[in-house]
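Structural overview
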Amino acid sequence: MKLRLLIPLVAVSALLGLLFIGLGMNSRDLPSPLVGKPAPPFELEALEDAGRTLTEQDFIGEVALVNVWATWCSTCRAEKPLLMELARGGIPIHAFNYRDEREAAVRYLDVSGSPYEVIAYDPSGDAGMDWGVYATPETYVLDHRGVIRYKRIGPLNRQLLLDEVLPLVEKLRAEQEQEAAQT
Amino acid sequence: MSHCPHQPLRRLPLWLAALVAWLLPAGLAMAVAIGEPIEFETEAQQRQYQTLVRELRCTVCQSETIHESNAELAADMRRRVYQMTLDGHDGDAIVDFMVARYGDYVRYRPPVQANTAVLWASPFLLALIGAGFWWQIIRGRRQMAQRPEFTEQERAALKRLNRGE
């Protein structure tokens with residue numbers, strides 16, 4: 001009979017526990033259905049040269065990151081030094097310049113340096129939608145065949161690079177070498 | 001009583017304010033809708049568009065549909081839904097298109113599948129648990145109602161109590 005009195009206590013504790021776990025979860029950590037799929041096709045102008053048309057093929061060839069950024073996005077600005085470091089370390093980074101103004105973006109990169117190799121200019125966000133972009137910044141890892149192997153919504157940070165991105169890049173490069181050795 | 005005739009006048013603004021307060025959200029909602037391309041070739045297209053924008057979730061402002069949201073991404077998604085509707089895609093194709101890019105999360109009406117089983121079952125489970133409690137309480141009450149009468153001894157004691165012994 002005494003035990004029955006404990007039922008509400010246990011029930012409330014269980015509920016509170018659940019809510020507490022919920023608090024710790026990041027509601028923006030959404031699984032991307034695009035991981036494991038080939039890079040979605042697009043056709044966009046290059047940021048620096050309106051006359052040059054880029055497609056997803058310009059991103060593909062070696063293991064690379066694809067970063068989605070804009071000048072109006074302060075988190076992207078904060079993230080850029082890390083990308084510069086990565087680029088210096090020999091990891092190719094391509095980019096979508098997302099919902100931005102061409103002039104502002106070009107000037108920004110001129111002044112503060114660019115970590116990017118190929119930059120596709122996506123002022124309307126159409127390619128962004130095909131790539132499932134939620135919000136800037138976002139970063140994808142493509143393998144040498146152009147398959148999306150990883151997606152990060154939000155800024156990269158050093159810990160994340162060490163724990164997830166760099167080991168993955170290593171692994172994908174090993175895959176590439178293995179494949180090259182076989183053929 | 002010189003101020004008497006003014007009273008209805010004074011009351012009017014309040015009444016008006018209430019009306020405005022009631023209608024304003026509707027007006028705002030219309031204003032949002034007006035900024036969008038909403039010309040359709042057929043009734044069916046319009047119906048499909050209006051249904052879909054209320055069934056797709058804005059992925060940046062997570063508790064709004066793309067119909068309610070003012071986020072740019074929501075506007076992009078509405079534009080895409082509109083365009084695909086005009087191009088003759090049916091509702092399922094458009095939802096599949098969005099799910100392929102943003103995951104099941106974009107659907108405000110989640111599909112019944114393995115990872116949503118708990119979600120779909122929970123109302124029924126809760127109802128069952130509630131029914132269990134209800135049954136327990138009813139049974140408890142019935143037991144109370146069936147409690148035996150006083151014994152002879154108790155009755156005698158009560159009588160003595162009444163008499164004040």
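What comes next is a walk through the structure. (Residues numbered from 1 in each chain as written. Chains lettered and ligands numbered in written order. Predicted model: local features only at pLDDT ≥ 70, side-chain atom pairs only at ≥ 80, totals over all residues. Heavy atoms only, no water.)

In this section: the overall build of chain A. Looking only at helices and strands, chain A has five helices and seven strands in total. Helices and strands appear in chain A in the N-to-C order α-β-β-β-α-β-α-β-α-β-β-α. When each of the 183 residues of chain A is scored for burial, the buried share is 44%. Counting only carbon and sulfur atoms, one obtains 58% of the accessible surface of chain A, whose full area is about 10000 Å². (Helix = DSSP H or I, 4+ residues; strand = E, 2+ residues; numbered from the N terminus. Buried < 20%, exposed > 50% of the residue type's maximum accessible area, 1.4 Å probe, protein only. Areas by Shrake-Rupley, 256 points an atom, 1.4 Å probe, with all protein chains shown as cover.)

A separate point is the pattern of salt bridges. Applying the stated criterion to the full structure yields 17 salt bridges over all chains. A salt bridge links R79(B) to D126(A); the shortest N-O distance between them is 4.0 Å. Of this pair, R79(B) sits in helix 3 (residues 72–86) while D126(A) sits in helix 4 (residues 126–130), placing the two residues on different chains. When the shortest N-O distance is used, the salt bridge between R101(B) and D130(A) registers 3.0 Å. (Salt bridge = Lys/Arg side-chain N within 4 Å of Asp/Glu carboxyl O.)

It is worth spelling out the environment of G61(A) at this point. By the element assignment, G61(A) lies in the loop between strand 2 (53–55) and strand 3 (64–69). Separated by 85 residues in the primary sequence, G61(A) and G146(A) have C-alpha atoms spaced 7.0 Å apart.

Before going further, it helps to spend a moment on the environment of D130(A). Mapped onto the elements, D130(A) comes out in helix 4. For D130(A), a relative accessible area of 17% gives the class buried. Sequence separation of D130(A) and A39(A) is 91 residues, and the distance between their C-alpha atoms is 9.3 Å. With residues up to four places along the chain from it excluded, the contact list for D130(A) reads L34(A), P40(A), P41(A), R80(B), F97(B) and R101(B). (Contact = heavy atoms within 4.5 Å.)

Bringing the nonpolar core into the picture now. Within the largest apolar cluster, 44 residues are counted, with the highest numbers of intra-cluster contacts made by F42(A), F59(A), F96(A), W131(A), I66(B), V81(B) and M98(B). Counting only elements with at least two residues in this core, the list comes to strand 1 (43–46), strand 3, strand 4 (93–98), helix 4 and strand 6 (138–142) of chain A together with helix 2 (43–53), helix 3 and helix 4 (91–102) of chain B. When near neighbours in sequence (up to four residues on either side) are disregarded, M98(B) contacts M129(A), L56(B), M77(B), R80(B), V81(B), G103(B) and V106(B). In this structure, V63(A), C76(A), I93(A) and A105(A) belong to the second largest nonpolar core, which totals 28 residues. (Core = buried A, V, L, I, M, F, W, Y, C linked by side-chain atoms within 4.5 Å.)

Before going further, it helps to examine the interface of chain A and chain B. In many analyses, interface size is given as the accessible surface area lost on bringing the parts together. Each side of the interface is counted separately: chain A has 18 residues, and chain B has 18 residues. Among the residues chain A hides against chain B, the three largest losses belong to R99(A), M129(A) and Y134(A). Together they make up 41% of the total. On the surface where chain A and chain B come into contact, there are six salt bridges. Residues R80(B) and D126(A) are paired through a salt bridge, measuring 3.9 Å at the closest nitrogen-oxygen approach. In this structure, the connection of chain A to chain B is made through seven residue pairs in polar contact (both at pLDDT 80 or more). (Buried area = accessible area lost by both parts, 1.4 Å probe. Polar contact = N/O pair within 3.5 Å; in protein donor to acceptor, adjacent residues only side chain to side chain.)

Residue and element names in this part refer to chain A. Most of strand 6 sits out of view: five of its five residues are buried. With burial as the criterion, each face of strand 6 is covered, one bearing E138, Y140 and L142 and the other bearing T139 and V141. Examined bridge by bridge, strand 3 and strand 6 share five bridges and lie antiparallel to one another. Bridge pairing links V66 to Y140 in strand 6. Where strand 6 hands over to strand 7 (residues 148–153), the hairpin turn is made up of five residues, of which G146 adopts a positive phi near 90°. (Pairing = 2+ DSSP bridges.)

Treat this as a map of the structure, not an account of what it does.
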